Amino acid sequence: MNPTDHNDTPESTPDTVVETGSESARESAAPVGELATVHPLRTRPDQHESTDSTDGESAPQVVEGRIITEHEYRLLTDPKAQREWRYAEYRKQAAWLARTTKTAVTHDRTVRTFKFACRNALAYPVAGAGVVIRRWQDTHGATRYERMMRQAEMDGNHDRLLEWEARDVAEKQRRHDRAMDWVKSPWELAKAAGITVAAAALLLLALGVILAVAGKGSVLGPIEAVVDAIAFLVWFTITYGVFLLVGGTAGVVTYLWNLGRTRTEAPGWFAPPAPKTEMVNLTPSIMVAALRDLGIKALRDAIKADPDYGARMLGPITRYGPGAQVEITLPPQVTGTQVMNLRETLAGNLDRKAHELHFERSADSERQITLWVANSGALDRKLPDSPMLDPDFGPVDIYRDRMPWGVDVKGDPVELNLLQQHLLLAGLSKQGKTAAARALLLWIALDPSTRIRLADLKGFGDWSMFEGLAEELIEGAGAENFIATCDMLEGGEAEMQNRYERWRAMGRKGDVGRADSQPGSGFEPLFIVVDEVQKLYGCTVEHPDGGDIGGNGKKSRAARAAQALHDQGRAVNVHLMQFSQNPTNANFPAIVREGAMIRASLFVGTESIAKMALGEAAVDTGAAPHALRAGLDRGTVVLAPGESMDLPNGATHTTVRTQFINTEQSHTIADRAKQFRAGIAHRAVTPAERDLLDDLIAVFEADEDRAKDTDLVVRLRKLAGPGYQPYGKRLTGSGLRAQLDNLGVEVKLRDGYHWVQSHSVRNVAAAR
C-alpha cells in the first residue's frame, strides 16, 4: 500500500471543480473569503485543451477532483510523510499479526488439539514404555516381592510379610544360580551349535544319496536347496526390510500407546479438560472406599472383616441442598475426631475439595458423625442479594425479627438473634470481615430503638455511613483513639451500672422487655462495637488517669471493661460486638474471648487460631475455618451461634456464606435507617448536677485538715457513683486543681504532692 495510490477516474461533483492553467485563471478561481488552499495538479498526457466550435475561442483546461486535507496533500507530495505513514502501517500490521497469532494459539480448539496430539503421540507411548519396563523388572527381578513386603508391613500382616520374604529369598537364589550357569554357557552353546550343523549336514547328505539312487536328483541337491532358501531370505529381507521395520515399529508404538492409555493417566498438562457435569456421585461403595483408604488401620480392618464390606456403617444417603448427606457410625477403636482430622484425605478420596466437606459430630457418641458433601463447585456459585437491599426492607424489631446474614453450605437461610448476645468475629485480612460485620450493624440500625457506639480503629472509611447513626463514632488508630475507645468501653460499663440502679429503683424484676426498651426509656438496646479490636488490646498506651489500656491480663483497662460488659451487660440490654484480625493470646485476652456468646471466624491460618476464635468445643466437633480457601472463600464464615439460633441435631457450628453488601449499598441502607429514626429521641440518662464544693466537704474526714488531689478524685467518684460523667475517668488531679483554682480554693504543693486544704473549701463554700 502506498499513500500516493489513487483512482485515476475522477468523481464529478459540482463542488470539486478546480481550474488549472494560467496564473490569472487560478487567481480568479479563488474567492475573496477562501475556505481552503487550492493545489494545482499535474495534467496527464492524454489531456488536451478543448475549443468551442461555435465561437472559436480557446477554453481553459478543466480537471475534476475533490477537496483534500493538508495531511492528505502531504502524503501525496512529501516523501517523509509517506515514509512515516508506511512505518505506521507496518506497526499496525505487526500488532494485528501478534493479536491474531495469540488468539489462534490460545484458542480453546487449538489447546485441545495440541493436548490431544501430545497426549497420543508422546504421553501415552512413553507411559506404555514405562509399563513394559516395570513389567520386565517385576518378571526378572525382586521388585514385586519388595513391593508386596512393604504393603504387608504397612498393613501389619506379619504372616504375609514372612511369606513374601521367603519368596524373595528363593527368587534371589534362583537368579544367582542362573547367573552362575552363564559361566558354562558359551562352551555348551558352541558345542551344541556344532553338533546341530554337522547332524543337519549329514541328514541332508543322506537324503541326497537316497534321491540320487532313486534317480530324482543329485547327492548335493538338498544342500543346494537349503542354500537357495537362505539366499531367498536374505534377498527378501534386503528388498522388503524397510516395510518390515516400519510395520514392526508401528506395531510396537501402537502396543505401547494402548498400554499407556489403558494402564496409566495422562499428565495434568496433557489431560483432556474435565467435563462440567458432576464428577462423582456419592454412592455407598464410593463412601466406604473413601473411608477405607484414609489410612486408619482399625477402620480398614473392620471394613475388610465386615460381610457387607462396611455398608452397615452408613445410614441412608440423602440429597440435601447442593450436595448429599450421610450419617456414619464408625467401628470400635475409631472416633469421629480421627476422621475429621483427615479432612483433606477424605475430600481427595471423594474427588472433592476440603471446604466442600462439612462434619457434624454427634453429641451422644464419639463414633457417630454426619457428613455432608457438596456437589463439585456448588459452593462457588453466586449468592442471591441480601434482603436488606430491598428499598422496602425495614424497619425491624430486634425483639421480634432475626438478622438475615446469608445461607449455610446446604442452602438453608441463616438468621441470627442479636438481642442480648455478645458477638466476636475474627479472620485474616482481606477475607471479607468488615463487610460481614457491617451487615450485622446495618440491620441493627434499622431498628429505631437501638443505640450504637462505634470505634473503627482502622479508619479507612468502611464505617463512615454510621455518621449520624452512632452516638459516638471513633475512626482511626493512634493513642488518642485508643484512649477514646477505652473510655467508650468504660462509659458503657458505667451506663450498665446505672441501668441496674434504675431497674432496682423502679422495683422491677426479670428481663427488660420490649415495652421497657422503647426510645427514651433509658433501656434501649445499646450496642458497643469495636472493629480491629486487636489493636486496642495490643497497644502499649497508658491512660491519662493511670493504668495500661492494652494487655492480656486484668491490669488492662479495656479488657476489664469488656469483661464487665460480658458478665452483666446483656441483662440490661447492653451488648458488646468485637471484630478482630488473627486473634492470639497476645492481642486478644482469653477473658474477653470466652465471654462472647456468638463466635464466628472467616479464614484463619492454623487450627490453634481457629480455637481462639471459635472455642475448643466447636473446633473439636468439626468447625474448621482454617480449612477455608484464602481469597476464594471471602465472606464465608464458620459460625458457632450459641443460643442465637437452633442448629439441627444439636450441632455446635455451621458454615455461612454471608451476603455481600458493598460500601455504596451500605450508605443507602444507612440513609434508610436515618429516615426510620427521624423524630425519635433517645433518652439521655444523666444524673442531676452536683455541687463540687459540697461534695468535697462530704468526702473530707471530720478531723482531716488536708488531702491529696488524686485521693479526692477517687472519693468523689465513689460518692457520685459510676453514672456521673464530671467525676468520671477523665477527671484527674490536675483537672480538679484547675476547677478549685477557679473557685478560689487554696491548693499547696508540699513534698512533691498537691494538698487541698479542707478549711479553704469550707470557707469558700460559706462565702458564696
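The structure contained in this document is the topic of the report that follows. (Residues numbered from 1 in each chain as written. Predicted model: local features only at pLDDT ≥ 70, side-chain atom pairs only at ≥ 80, totals over all residues. Heavy atoms only, no water.)

Details of the overall build of the protein chain
Then step 1. Within the protein chain, the secondary structure is distributed over 23 helices and 19 strands.
Then step 2. Long-range pairs, those at least 24 residues apart, make up 66% of the contacts in the protein chain between residues at least 6 apart in sequence.
Then step 3. For the protein chain, the accessible surface area stands at approximately 43400 Å², while carbon and sulfur atoms represent 56% of it. (Helix = DSSP H or I, 4+ residues; strand = E, 2+ residues; numbered from the N terminus. Contact = heavy atoms within 4.5 Å. Areas by Shrake-Rupley, 256 points an atom, 1.4 Å probe, with all protein chains shown as cover.)

Quick look at the packing of aromatic side chains
Then step 1. Scanning all chains against the criterion turns up 11 aromatic pairs.
Then step 2. Here the aromatic rings of Tyr145 and Trp164 are separated by 6.0 Å at their centres, their planes lie at 55°, and the arrangement is tilted. Here Trp164 lies in helix 6 (residues 158-213) and Tyr145 lies in helix 5 (residues 143-155), a separation of 19 residues in the sequence. Across the pair, Trp164 and Tyr145 agree in class, each one buried.
Then step 3. Grouping aromatic residues by their ring pairs yields a cluster made of Phe232, Trp235, Phe236, Tyr240 and Phe243.
Then step 4. Looking at Arg167, its charged tip hangs above the ring of Trp164, at a distance of 4.5 Å from the centre.
Then step 5. Across the ring face of Trp755, the terminal group of Arg706 is positioned such that the distance to the ring centre comes to 4.3 Å. (Phe/Tyr/Trp six-rings, centres within 6.5 Å; stacked < 30°, edge-to-face > 60°. Buried < 20%, exposed > 50% of the residue type's maximum accessible area, 1.4 Å probe, protein only. Lys NZ or Arg CZ within 6 Å of the ring centre and 35° of its normal.)

A closer look at a nonpolar patch on the surface
Then step 1. On the surface, Phe232, Leu233, Trp235, Phe236, Tyr240, Val242, Phe243, Leu244 and Val246 cluster together into a nonpolar patch covering about 960 Å² of accessible area.
Then step 2. Mapped onto the elements, Leu233 comes out in helix 7 (residues 221-263). (Patch = residues over 30% accessible without salt bridge, like charges linked within 9 Å, V, L, I, M, F, W, Y side chains within 5 Å. Salt bridge = Lys/Arg side-chain N within 4 Å of Asp/Glu carboxyl O.)

What about the sheet that holds strand 3 (residues 318-319)?
Then step 1. Here we have 4 strands laid out as an open sheet, ordered 3-4-6-5, and antiparallel in their pairing. Whereas interior strands pair on both sides, the edge strands pair on one side only; in this sheet they are strand 3 and strand 5 (357-361).
Then step 2. Taken together, the 2 bridges between strand 3 and strand 4 (residues 323-329) define a ladder with antiparallel strand orientation. For Thr318, the partnering residue across the bridge sits in strand 4 and is Gln325. (Pairing = 2+ DSSP bridges.)

Some words on helix 5
Then step 1. The terminal C-alpha atoms of helix 5, which comprises 13 residues, lie 19 Å apart, in line with the 18 Å expected from a rise of 1.5 Å per residue.
Then step 2. Buried within helix 5 are the following residues: Tyr145, Met149, Ala152 and Asp155. For helix 5, the angular spread of buried residues about the axis comes to 125°, placing them on one side.
Then step 3. Looking at the buried residues of helix 5, the elements they touch are helix 6 and helix 9 (297-305).
Then step 4. One or two positions beyond helix 5, positive phi appears at Gly156, with a value near 75°. (Expected span 1.5 Å × (residues − 1). Arc of directions from axis to C-beta.)

Considering the nonpolar core
Then step 1. Trp405 and Phe466 are the most contacted members of the largest nonpolar core, which has 46 residues in total.
Then step 2. By residue number, the principal contributor to this core is helix 12 (residues 433-445), which donates 9 residues.
Then step 3. When neighbours within four sequence positions are excluded, Trp405 is seen to be in contact with Val414, Leu416, Ala436, Ala439, Leu440, Ala600, Val637, Leu639, Arg657, Thr658 and Gln659.
Then step 4. Formed by 33 residues, the second largest nonpolar core is a distinct cluster that contains Leu424, Ile549, Ala559 and Val574. (Core = buried A, V, L, I, M, F, W, Y, C linked by side-chain atoms within 4.5 Å.)

Points about the pairing of strand 18 (residues 747-750)
Each regular strand displays side chains that alternate between the two surfaces of the sheet.
Then step 1. Strand direction decides the pairing type here: strand 18 and strand 19 (residues 753-757), joined by 4 bridges, are antiparallel. Pairing of Val747 across the sheet is with Val756, part of strand 19.
Then step 2. Taking the residues that link successive antiparallel strands as the turn, the strand 18-strand 19 hairpin has 2 residues, and the phi of Asp751 there is positive, at about 55°.

Here we look at the pattern of salt bridges
Then step 1. Following the criterion strictly, the structure yields 35 salt bridges and no others.
Then step 2. The partner of Arg453 in a salt bridge is Glu495, and the shortest N-O contact between them spans 2.6 Å. Remark: Glu495 occurs in helix 13 (residues 479-505) and Arg453 occurs in strand 10 (residues 451-456); sequence separation between them is 42 residues.
Then step 3. By relative accessible area, Arg453 is classed as buried at 12%.
Then step 4. Salt bridges here are not isolated pairs; linked through shared partners, they connect Arg451, Arg453, Glu471, Glu495, Arg499 and Glu524.

What about unusual backbone geometry?
Then step 1. Here the amide bond leading from Gly394 into Pro395 is cis, since omega sits at -5°, within 30 degrees of zero.
Then step 2. By the element assignment, Pro395 lies in the loop between strand 6 (368-374) and strand 7 (403-408).

Some remarks on the side chain of Ser601
Then step 1. Of note, Ser601 is situated in strand 14 (residues 598-601).
Then step 2. We classify Ser601 as buried; its relative accessible area is 0%.
Then step 3. Contact partners of Ser601, with chain neighbours within four places excluded, come to Leu425, Ala426, Ala613, Leu614, Pro625, Thr636, Val637 and Val638.

Some remarks on helix 12
Then step 1. For helix 12, with 13 residues, the first-to-last C-alpha span of 19 Å sits near the 18 Å given by 1.5 Å per residue.
Then step 2. Within helix 12, 13 of the 13 residues are buried, leaving the element largely enclosed by the surrounding structure.

A closer look at the packing of helix 5 against helix 6
Then step 1. As a packed pair, helix 5 and helix 6 sit with axes 9 Å apart at the nearest point and diverge in direction by 165°. Classified by the angle between their axes, helix 5 and helix 6 sit roughly antiparallel to one another. The two elements helix 5 and helix 6 cross, and the hand of that crossing is left-handed. Here helix 5 contributes Tyr145, Glu146, Met148, Met149, Ala152 and Asp155 to the contact with helix 6, which in turn contributes Arg160, Leu161, Trp164, Glu165, Arg167, Asp168, Glu171 and Lys172.
Then step 2. In terms of residue class, the contact of helix 5 with helix 6 is built from 6 nonpolar, no polar and 8 charged. (Axes fitted to C-alpha atoms, helices over the stretch in contact; angles between N-to-C directions. Parallel < 35°, antiparallel > 145°, perpendicular 65-115°, else oblique. Left-handed = near helix turned anticlockwise from the far one by under 90°. Nonpolar A, V, L, I, M, F, W, Y, C, P; charged D, E, K, R; others polar.)

As for the packing of helix 4 (residues 108-140) against helix 7
Packed helices, taken two at a time, are described by their axes: the angle between them and the distance between them.
Then step 1. Packing of helix 4 against helix 7 leaves a shortest axis separation of 6 Å and a crossing angle of 85°. The orientation of helix 4 relative to helix 7 falls into the category roughly perpendicular. On helix 7, the residues touching Asn120, Tyr124, Pro125, Ala127, Gly128, Ala129, Val131, Val132 and Arg135 of helix 4 are Tyr255, Leu256, Trp257, Leu259, Gly260, Arg261 and Arg263.

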